[in-house]
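Coordinate analysis (summary)
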2 protein chains.
Amino acid sequence: MTHALDLDQIYAFAVGLGRRAGELLLARAEQRISGTAEAVLEKDSAVDIVTQTDEDVESFIRNAIQAQYPTHKFLGEETYAKGQSRDYLIDDQPTWVVDPLDGTVNYTHLFPMFCVSIGFVVEQKPVIGVIYSPFQDQLFSSCTGRGAWLNERRRLPLLQKPSIPPMPAHAPSQCVFACEWGKDRRDHPDGNLYRKIDSFLNMAVERGGREGKGGMVHGVRSLGSATLDLAYTAMGSFDIWWEGGCWEWDVCAGIAILLEAGGLVTTANPPEDINAPIEDFKLGSRLYLAIRPAGPSSTETARESQERTVREVWRRVRNLTYERPGC
Amino acid sequence: MTHALDLDQIYAFAVGLGRRAGELLLARAEQRISGTAEAVLEKDSAVDIVTQTDEDVESFIRNAIQAQYPTHKFLGEETYAKGQSRDYLIDDQPTWVVDPLDGTVNYTHLFPMFCVSIGFVVEQKPVIGVIYSPFQDQLFSSCTGRGAWLNERRRLPLLQKPSIPPMPAHAPSQCVFACEWGKDRRDHPDGNLYRKIDSFLNMAVERGGREGKGGMVHGVRSLGSATLDLAYTAMGSFDIWWEGGCWEWDVCAGIAILLEAGGLVTTANPPEDINAPIEDFKLGSRLYLAIRPAGPSSTETARESQERTVREVWRRVRNLTYERPGC
């Protein structure tokens, strides 16, 4: 199927579309700032304004895609959320996977870490990714074989001269670890929040602590946007991102960009045998572990150092329980 | 003392200085990206490059200040860290309080959340603040009586038309809560890391959970920069920032900006009687709780809604144990 698609043309279209959609997000934010957004005059209406923006930007993106590529499929967060099914809907057809607004809470509070996320999937593989964060004017983009980029001029990862740094010898030590608290806030020791916090703590505590699980990461970061977490992992700014609970539109573009930059993506949940060959991520699995692009060292290939890091993370995290039919 | 100072002139000088210092930070980062930073060629030298940058930028700022205002005192992170004393050194003299590079771990990893922070204190009060985050090109600035600004054109907080939103009725619910994991990673239930995590969890868990302490905040954010946490609180993007362990140069400029924007700053640690009048922050206390600028509601003044939020935070957090002589 891929050979019949003009990926260069589709990529250029996606980049332009991402920019325009992000500008629309920003224009709506500016209306709130200038006090000209009608609904803002009503009490507690920020959430409604955001919902409306989410829907409008998704329509804008969907319409543009349907006009340009009427045979392509479209999967958007808003459209999906209104449907009855929670099935994974992506098949082998060329499919656009879109989150019109990732970082919704940030957008509501006007914290700049929000973005539009446009992924293009062919034969189940994310081949194009465009993420645009308009308040920061940061555009991340990639197309298979054409590199991953920040603002179309800085190649990702940022550090690659003279060579991309290998993963640290004692990873997760020296690593920046990105993670999110999520929406599941049940006060239950077996709920996802407690599973996450146990895992975050294991990653953060001094080496030797937590019955040998202490990872002493260099820093723990939570931005409130899965999409931007992935973008900064592609940049090399974050070394490790571990998450459960997000959906394919939250991660599709980010995974495309991270893979093109040389990153590794697998599942958040440790397999029974963590020394078995590391399986590829499943786009609809809602469970993700991402490692930044790495270079080789004198003792390891790049991939070996990434896989070592994956296993060191798996040794320190608890299984998360986000499920969906058929996954 | 203040009446003898030309604050307008000093403010303009501080803004220019912040920009130039930030550009120097960015230029050094660009050298790492382009592979032209000499030391980058050596193994594991990123940390040394950063230390050197930190020192060079502090010297640049100190020299500029001493040339322009030879009678003013200067307190910089690097100079202080090399001294023997851990005393609080700020007296009633006009004093510049400077962190040449806040978010050092971010800078090392080239995550954009790093900045230069320049505060100016007169009679113990932060009267001017300049924070410049050059990768994001975000300049936050304020001077007493002249407002707080983003990039010298957007007044802070961002949302103030038709009026600044009051704190949510059930705060910390609906609030974005900013916090940092810090460097104290001891695996001890009474160490600061566990005190912090218990507090974060109380803030995050569903209402009614954690024996009534569940705060169900809208989101938990950790950026790795106390200075930028404060800047985003002044912007109104973060509602609450709670932190222990940072130093006066980490917070001086941010507190100046937040106060000028209309925020409230007090101590992180709940007093014995949390219903007693809320005390002002102490710049050298290493313990801070900041609340965003708020507007009045039909039932509360702005200050009342901020103070209510302070007490709701205090009900949910544990005391932190960061100490220094004389505080």
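None of the values given here were measured: they were computed from a predicted structure. (Residues numbered from 1 in each chain as written. Chains lettered and ligands numbered in written order. Predicted model: local features only at pLDDT ≥ 70, side-chain atom pairs only at ≥ 80, totals over all residues. Heavy atoms only, no water.)

**Describing the relation of the copies chain B and chain A**
Quick note on the threshold: Our superposition of the copies is a least-squares fit, built on the C-alpha atoms of residues whose pLDDT is at least 70 in both. A contact between two residues is defined here by any heavy atoms of the two lying within 4.5 Å.
Overlay of chain B on chain A (RMSD 0.0 Å): rotation 180 degrees, translation along the axis 0.0 Å. The relationship between the two copies is best expressed as a two-fold rotation axis. Among all C-alpha atoms of chain B, that of Ser222 of chain B lies closest to the rotation axis, at 2.4 Å. An overlap of 98% is found between the interface residues of chain B and their copies at the interface of chain A, pointing to a shared contact surface.

**A closer look at the environment of Arg303 of chain B**
Residues and elements named next belong to chain B. Put simply, the rule reads: Put simply, DSSP marks the helices as runs of H or I at least four residues long and the strands as runs of E at least two long, and each gets a number from the N terminus on. The rule is simple: take the accessible area with a 1.4 Å probe, protein chains only, and divide by the maximum for that residue type; under 20% is buried, over 50% is exposed, in between is partly exposed.
Along the polypeptide, Arg303 turns up in helix H9 (residues 302–314). Of the residues examined, Arg303 reaches a relative accessible area of 41% and is grouped as partly exposed. Residue contacts for Arg303: discarding those within four places in its chain leaves Leu264 and Ile278.

**Observations regarding the domain arrangement of chain A**
Residues and elements named next belong to chain A. Operational definition: An automatic or database domain assignment provides the domain bounds reported here. Take the accessible area each of two parts loses on contact, using a 1.4 Å probe, and add the two losses: that sum is the buried area. Throughout this description, the term salt bridge denotes a Lys or Arg side-chain nitrogen within 4 Å of a carboxyl oxygen of Asp or Glu. Here a polar contact is taken to be a pair of N or O atoms separated by no more than 3.5 Å, where protein atoms must pair a possible hydrogen donor with a possible acceptor and residues adjacent in sequence count only if both atoms sit in side chains. Amino acids are sorted into nonpolar (Ala, Val, Leu, Ile, Met, Phe, Trp, Tyr, Cys and Pro), charged (Asp, Glu, Lys and Arg) and polar (every other residue, Gly among them).
Looking at the assigned domains, one finds that chain A contains domain 1 (2–155) and domain 2 (176–314). Distance from the C-alpha centre of domain 1 to the C-alpha centre of domain 2: 24 Å. The interface of domain 1 with domain 2 comprises 39 residues on the first partner and 24 residues on the second. Note on domain 1 versus domain 2: buried area summed over both sides is about 2,300 Å², and carbon and sulfur give 71% of it. The three residues of domain 1 that bury the most area against domain 2 are Met113, Pro126 and Phe140, which together make up 23% of that side's buried surface. Summed over the shared surface of domain 1 and domain 2, the number is 0 salt bridges. Inspection of the region where domain 1 meets domain 2 yields 11 residue pairs in polar contact (both at pLDDT 80 or more). When residues of the side of domain 1 that touches domain 2 are traced back to their parent elements, those giving at least two are helix H3 (77–82), strand S2 (95–102), strand S3 (115–122), strand S4 (125–133), strand S5 (138–143) and strand S6 (148–150). Of the residues contributing to the side of domain 1 that touches domain 2, the split by class is 21 nonpolar, 13 polar and 5 charged.

**Observations regarding the packing of helix H7 (residues 226–235) of chain A against helix H8 (residues 248–261) of chain A**
Packed helices, taken two at a time, are described by the angle their axes make and the gap between the axes. All names here are of chain A. Note the cut-off: Orientation is described by lines fitted to C-alpha atoms, with helices fitted over the stretch in contact, and by angles between N-to-C directions that extend from 0 to 180 degrees. Note on angle classes: values under 35 degrees are labelled roughly parallel, values over 145 roughly antiparallel, values of 65 to 115 roughly perpendicular, and the remainder oblique.
Axis separation between H7 and H8 bottoms out at 8 Å; the angle between their running directions is 5 degrees. Taken together, the axis directions place H7 and H8 in an arrangement best described as roughly parallel. Residues Ala226, Thr227, Leu230, Thr233 and Ala234 of H7 touch H8, and the partners they reach there are Asp250, Val251, Gly254, Ile255, Ile257, Leu258 and Ala261. Broken down by class, the residue content of the contact of H7 with H8 amounts to 8 nonpolar, 3 polar and 1 charged.

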